Amino acid sequence: MVESWVGAMSRLLPRAIREGGHEFTFLTRDMHHYLRSAPEGTAHPLLGARNVLTGDTNDLDTLLPAVDRLHKALGFDGVITSCDYYLPTVARIADRLGLPGPSPEAVENACRKDATRRALADAAVAGPRFAVCADRSAAVVAAAELGYPLVLKPVDLCAGMYVRRVDDEEELVRAHRALDDFPVNARGQRRAPLVLLEELLHGPEVSVETVTFEGRTHVVGVTDKSVGGAPAFIETGHMFPAALTAADATAAEQTAVQALKALGLDNVVAHTEIKLTPDGPRVVEVNPRPAGNRITELVRHVTGVDIAAACVDVALGHPPDLRIRDTGLRSAAIGFLVPQTAGVLEAVDGADLVREAPEVLELQLAEPGRAVKPADSNNAYLGHVMAGDATGPGARGRVEALLSALCPRVVNR
């Protein structure tokens, strides 16, 4: 495993590896990145790997020969990560070692929003009108041609970071300037000096969870999404399965499969985001890795399908187990506690009441003493609540009611 996110997948993938009867070596350039993310007095599960090794995971020229040497000593059967910033690296390593995995070029195109847009446009897969801009002046000209409102995106960041709605040139310049002030991502990688401008799409947003193995894509299901925090785009909750008409669900699924084919992605778990506009489905992004924000757990609670385990199987070249099982739930949803004010978290009132609710599947809250600022991406949550519904698509309503009972107490110090 080459690096990882420090959220849900950093625990779900190690669990899936262990439950599958496997062991793994964890390779990182900064062990402290994971030590810092573990609650006080606990060990991060990534550091429970059979081997924990350090190396410059940001430098392929030195990393690939080093992995060659490690492979001769340890004999790897697969390569994996959950972190978007290292998906291309993992694909390159798998290709170098002759191990299962998607095409490195396909992964690189999927991980670059500008390359994705071009590949999908070339294949006539529906998406927004767009422009790729090398500097602020070019962005101003392109925006005038596309017409406001628009969405400004970095081409190589994740979790909604610096993605902004812009309604005029002043807002465009402000959003572009903020992005210019963030030249290096959280993993020490220099960003590409490009921005993507897209027309603002209208309609509900969903994601299609898929597993592609040996040329065949299996659609696990469609998840809905709620978004807030304008002009940012912050995911505030999800429900699986999405409460859609059969026609809308099918259209979303077909569009996702077309996008994966256009990018040439095979032997990969994917999370494809789609807007259901009045003119039909439009691709927002293609992510060649399992969904984040615990969507994989929503899927598991409803269908019994463990997407993290499927990701491990695919990385090993094994057929994934995608059989649907009766779990007793018809829907599951998650809602995120999104901070609105700055200060220090003193407590989350209402937590005991919510924890005792019979439909609750998970409740995770930030520890008191955490520094808080108004959310501007999906990295700033103060916790989440997950609940299920055994009778139908009522999980979202239950989560929203539970979430409304949670009140973060943030104080200035």
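All values reported here derive from a predicted model rather than from experimental measurement.

Parameters and conventions
Residues numbered from 1 in each chain as written. Predicted model: local features only at pLDDT ≥ 70, side-chain atom pairs only at ≥ 80, totals over all residues. Heavy atoms only, no water. Helix = DSSP H or I, 4+ residues; strand = E, 2+ residues; numbered from the N terminus. Buried < 20%, exposed > 50% of the residue type's maximum accessible area, 1.4 Å probe, protein only. Polar contact = N/O pair within 3.5 Å; in protein donor to acceptor, adjacent residues only side chain to side chain. Contact = heavy atoms within 4.5 Å. Domains from an automatic or database assignment. Buried area = accessible area lost by both parts, 1.4 Å probe. Salt bridge = Lys/Arg side-chain N within 4 Å of Asp/Glu carboxyl O. Core = buried A, V, L, I, M, F, W, Y, C linked by side-chain atoms within 4.5 Å. Axes fitted to C-alpha atoms, helices over the stretch in contact; angles between N-to-C directions. Parallel < 35°, antiparallel > 145°, perpendicular 65-115°, else oblique.

Undergrad: Sorry, what's going on with the side chain of Asp 224 here?
TA: Counting through the fold element by element, Asp 224 comes out in strand E8 (residues 216-228). With relative accessibility at 13%, the residue Asp 224 sits in the buried group. Among the polar contacts made by the side chain of Asp 224, one reaches the main-chain amide nitrogen of Met 239 at a distance of 2.6 Å. At 2.7 Å, the side chain of Asp 224 and the side chain of Arg 396 are in polar contact. Residue contacts for Asp 224: discarding those within four places in its chain leaves Glu 205, Val 206, Gly 237, His 238, Met 239, Ala 242 and Arg 396.

Undergrad: I'm lost on the environment of Arg 177 in this one. Help?
TA: Looking at the secondary structure, you find Arg 177 in helix H8 (residues 169-180). A C-alpha to C-alpha distance of 35 Å links Arg 177 and Lys 261, two positions 84 residues apart in sequence.

Undergrad: Explanation requested: the side chain of His 238 in the structure shown.
TA: By secondary structure assignment, the location of His 238 is in strand E9 (residues 234-240). Engagement of the side chain of His 238 in a polar contact is seen with the side chain of Glu 235, the distance being 3.1 Å.

Undergrad: Would you mind showing me how to read the domain arrangement of the chain here?
TA: By convention, interface size is frequently given as the accessible area that disappears when the constituent parts associate. Domain boundaries assigned for the chain yield domain 1 (8-99), domain 2 (129-199), domain 3 (202-327) and domain 4 (328-412). On the domain 4 side, the residues contacting the 22 residues of domain 3 number 23 residues. Across the domain 3/domain 4 interface, buried area totals approximately 1700 Å², and carbon plus sulfur atoms make up 56% of it. The three residues of domain 3 that bury the most area against domain 4 are Ile 234, Met 239 and Arg 294, which together make up 31% of that side's buried surface. Linking domain 3 to domain 4 there are two salt bridges. A salt bridge links Glu 362 to Arg 294, with the shortest nitrogen-to-oxygen separation between them at 2.6 Å. Counting across the domain 3 and domain 4 interface gives 11 residue pairs in polar contact (both at pLDDT 80 or more). Elements that contribute at least two residues to the side of domain 3 that touches domain 4 include exactly E8, E9 and helix H10 (295-303). Sorting elements by how many residues they give to the side of domain 3 that touches domain 4 places E9 first, with seven residues.

Undergrad: Looking at this structure, I do not really get the nonpolar core. What am I missing?
TA: Within soluble globular proteins, side chains that are nonpolar tend to cluster in buried spots. By size, the foremost hydrophobic cluster in this structure holds 42 residues, and its most contacted members are Met 1, Leu 13, Phe 26, Ile 80, Val 211, Val 299 and Val 312. If you list the elements that add at least two residues to this core, you get helix H1 (9-19), strand E7 (205-213), E9, H10, helix H11 (307-316) and strand E12 (331-336). Apart from the residues within four sequence positions on either side, Leu 13 is in contact with Met 1, Ile 80, Thr 81, Ser 82, Ala 308, Cys 311 and Val 312. By size, the runner-up hydrophobic cluster in this structure holds 23 residues, among which are Tyr 85, Ala 142, Ala 143 and Leu 152.

Undergrad: Sorry if this is basic, but what is going on with the packing of helix H6 (residues 113-122) against helix H9 (residues 246-263) here?
TA: In a pair of packed helices, the angle between the axes and the distance between the axes together describe the arrangement. Closest axis-to-axis distance for the H6/H9 pair is 9 Å, and the angle between their directions is 105°. Here H9 runs roughly perpendicular to H6, going by the angle between their axes. The residues of H9 that touch H6, namely those facing Thr 116, Ala 119 and Leu 120, are Ala 259, Ala 262 and Leu 263.

Undergrad: I would appreciate a short explanation of the pattern of salt bridges in the present structure.
TA: Pairing between side chains becomes possible if they bear opposite charge and their charged atoms approach one another. Summed over the entire model, instances satisfying the criterion amount to 30 salt bridges. Here Glu 105 makes a salt bridge to Arg 92, at a shortest N to O gap of 3.8 Å. Taken together, the positions of Glu 105 in helix H5 (residues 104-111) and Arg 92 in helix H4 (residues 87-97) put the pair 13 residues apart, joining distant regions of the chain. We classify Glu 105 as partly exposed; its relative accessible area is 43%. The class for Arg 92 is partly exposed, based on a relative accessible area of 25%. For Glu 198, the salt bridge is made with Arg 117, and the minimal N-O distance between the two is 2.8 Å. With Glu 198 in strand E6 (residues 195-199) and Arg 117 in helix H6, this residue pair connects regions lying 81 residues apart in the sequence. Among the ionic contacts, a cluster of salt bridges with common partners joins Arg 15, Glu 297, Arg 300 and Asp 306.

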